[in-house]
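Close look at the chain arrangement
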Number of protein chains: 2
Amino acid sequence: MFDGAIQDLIDELSLLPGVGPKSAQRIAFHLLEADAEDINRLTSALNAVKTKVTHCEICGNLAEAQLCSICQDERRDRTVICVVEQAQDIQAIERTHAYRGLYHVLGGAIDPMRGIGPDQLRIRGLLSRLTDGSVTEVVIATDPNIEGEATATYLARMLESVSVPASRLALGLPVGGDLEYADEVTLGRAFEGRRRV
Amino acid sequence: MFDGAIQDLIDELSLLPGVGPKSAQRIAFHLLEADAEDINRLTSALNAVKTKVTHCEICGNLAEAQLCSICQDERRDRTVICVVEQAQDIQAIERTHAYRGLYHVLGGAIDPMRGIGPDQLRIRGLLSRLTDGSVTEVVIATDPNIEGEATATYLARMLESVSVPASRLALGLPVGGDLEYADEVTLGRAFEGRRRV
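Everything numeric here is computed off the predicted structure, so don't read it as measured data. (Residues numbered from 1 in each chain as written. Chains lettered and ligands numbered in written order. Predicted model: local features only at pLDDT ≥ 70, side-chain atom pairs only at ≥ 80, totals over all residues. Heavy atoms only, no water.)

Okay, the interface of chain A and chain B next. Between chain A and chain B, the contact holds 47 residues from the first and 47 residues from the second. When the buried surface of chain A facing chain B is broken down by residue, A:P17, A:L46 and A:K50 rank first, second and third, together holding 14% of it. Linking chain A to chain B there are 2 salt bridges. Across the pair B:R41 and A:E12 runs a salt bridge, and its minimum N-O distance is 2.9 Å. Between chain A and chain B we count 8 residue pairs in polar contact (both at pLDDT 80 or more) in total. Put simply, the parts of the chain that give the side of chain A that touches chain B at least two residues each are α1 (4-14), α2 (21-33), α3 (36-52) and α5 (87-96) of chain A. Looking at which element gives the most residues to the side of chain A that touches chain B, the answer is α3(A), with 14 residues. Here the side of chain A that touches chain B is composed, by residue class, of 24 nonpolar, 10 polar and 13 charged. (Contact = heavy atoms within 4.5 Å. Buried area = accessible area lost by both parts, 1.4 Å probe. Salt bridge = Lys/Arg side-chain N within 4 Å of Asp/Glu carboxyl O. Polar contact = N/O pair within 3.5 Å; in protein donor to acceptor, adjacent residues only side chain to side chain. Helix = DSSP H or I, 4+ residues; strand = E, 2+ residues; numbered from the N terminus. Nonpolar A, V, L, I, M, F, W, Y, C, P; charged D, E, K, R; others polar.)

What follows is the structure, given as structure tokens:
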């Protein structure tokens, strides 16, 4: 549709998640009008993320050193490990300020349809963190979907076999939502998990 | 929220039009998982667009040479010039295959609130293209909003003063739309512009 370089940029931008051809075009024309300095900042940010960011050797969280900022933090409670599917989940939990323990990133969930079994996840690394007996609870915080539930069940059994107490995040109504619009599975789980007041 | 390089990239991506903090985060994590080669293609496309793309010396369209592909094309009808606000508008018109003449990009519309008057637009360049008398019609295709209408009125008067016939794109119901949901201004214009069948 457009000439050479512009179309190349639109094509590259269209490959990004959530960016369709229209948004790609809009972004490309925005960048065309932008200062060369703005473009340089963007390209160096892109390059930096690839060269600087690695995974924490202990928990698999994103890190710019051998260990991530959470594993390095002496004030964190080292007796609890929260298991999540991906590094982004850690940020979501950190925002709640409800948890002060450590994390472990699995790198996905068990999904036989896509050929992902326990061996493809960072489960061995989790087990080795539990051997010295200092961890007294593992909170399983996988996604509340089929793959996440399967992974949670697998982990719960495994943790039982090594005698480490496991817990699972509560399922129920989202705060601020309307009971009327809750789907029946969520509402069913909210009933199952009801608590005395 | 995140550590250094990742957060830098998220911040830079958030500056792009139509990309909010959530999408920026999603794109950043996507790029983190992407091959180094994919990132290189994106950064070189970004750099290329800034170094290669300029504006056509005649019409102001985007070009990778002195003249854009349309001004270079011998098969275009050189007796008609279509005036648009920005280069993107040319692509929208080209997609219709309804027009085979040349273009002229104003680089915006008259907007006193933002300090844009006729002198800030490429109007002098348009006038100089009309002096040799070869152009027999100017189609005014500015946006159908207040600034576009003001610009169209200004251009129509100016073209009258140099005795070049001007026309304006029709206003009316969008094809495929519902009459029931048309706004009253559009419907009013559709009545004004009604044609015998």
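Here the narrative resumes, following the displayed structure.
Moving on: the packing of aromatic side chains. All names here are of chain A. Under the defined criterion, the tally for this structure stands at 2 aromatic pairs over all chains. Taking the centre distance of 5.2 Å and the plane angle of 65 degrees together, the rings of Y99 and Y103 count as edge-to-face. Across this residue pair, the class does not change: Y99 and Y103 are buried. (Phe/Tyr/Trp six-rings, centres within 6.5 Å; stacked < 30°, edge-to-face > 60°. Buried < 20%, exposed > 50% of the residue type's maximum accessible area, 1.4 Å probe, protein only.)

We now examine the domain arrangement of chain A. Once the domains are mapped, chain A shows domain 1 (1-37) and domain 2 (78-168). Just the C-alpha atoms count here: the centres of domain 1 of chain A and domain 2 of chain A sit 39 Å apart. (Domains from an automatic or database assignment.)

Let's shift gears to the UniProt feature "zinc finger region: C4-type" (unreviewed entry) in chain A. Mapped onto the present numbering, the UniProt feature "zinc finger region: C4-type" (unreviewed entry) falls at residues 56-71 of chain A. This span, residues 56-71 of chain A, is 19% helix and 12% strand, and a straight line between its end C-alpha atoms measures 8 Å. (UniProt positions renumbered as here; feature names shortened; annotations may be inferred.)

Residue and element names in this part refer to chain A. The 4 strands are arranged β4-β3-β5-β6 in an open sheet whose pairing can be described as parallel. Since the sheet does not close on itself, it has two edges, and those belong to β4 (101-105) and β6 (166-168), each with one partner. Strand-to-strand, the axes of this sheet are offset by a mean angle of 30 degrees, without reference to chain direction. As defined by bridge partners, strand β5 (residues 137-140) adjoins β6 across 3 bridges and the pair is classed as parallel. (Pairing = 2+ DSSP bridges. Axes fitted to C-alpha atoms, helices over the stretch in contact; angles between N-to-C directions.)

What follows concerns unusual backbone geometry. Residue and element names in this part refer to chain A. For H97, which is not glycine, the phi dihedral falls at a positive 55 degrees. Residue classification places H97 among the exposed positions, given a relative accessible area of 69%. The phi dihedral of S163 falls on the positive side, at around 60 degrees, and the residue is not glycine. With respect to the secondary-structure elements, S163 resides in the loop between α7 (146-161) and β6.

All right, on to the relation of the copies chain A and chain B then. The two copies are related by a screw motion: chain A maps onto chain B through a turn of 180 degrees and a shift of 0.0 Å along the axis, at an RMSD of 0.1 Å. Given the turn and translation reported, the copies of this chain are related as if by a two-fold rotation axis. Among all C-alpha atoms of chain A, that of A:T43 lies closest to the rotation axis, at 2.7 Å. Most of the interface of chain A is mirrored in chain B: 100% of its interface residues are interface residues there too. (Least-squares fit on C-alpha atoms with pLDDT ≥ 70 in both.)

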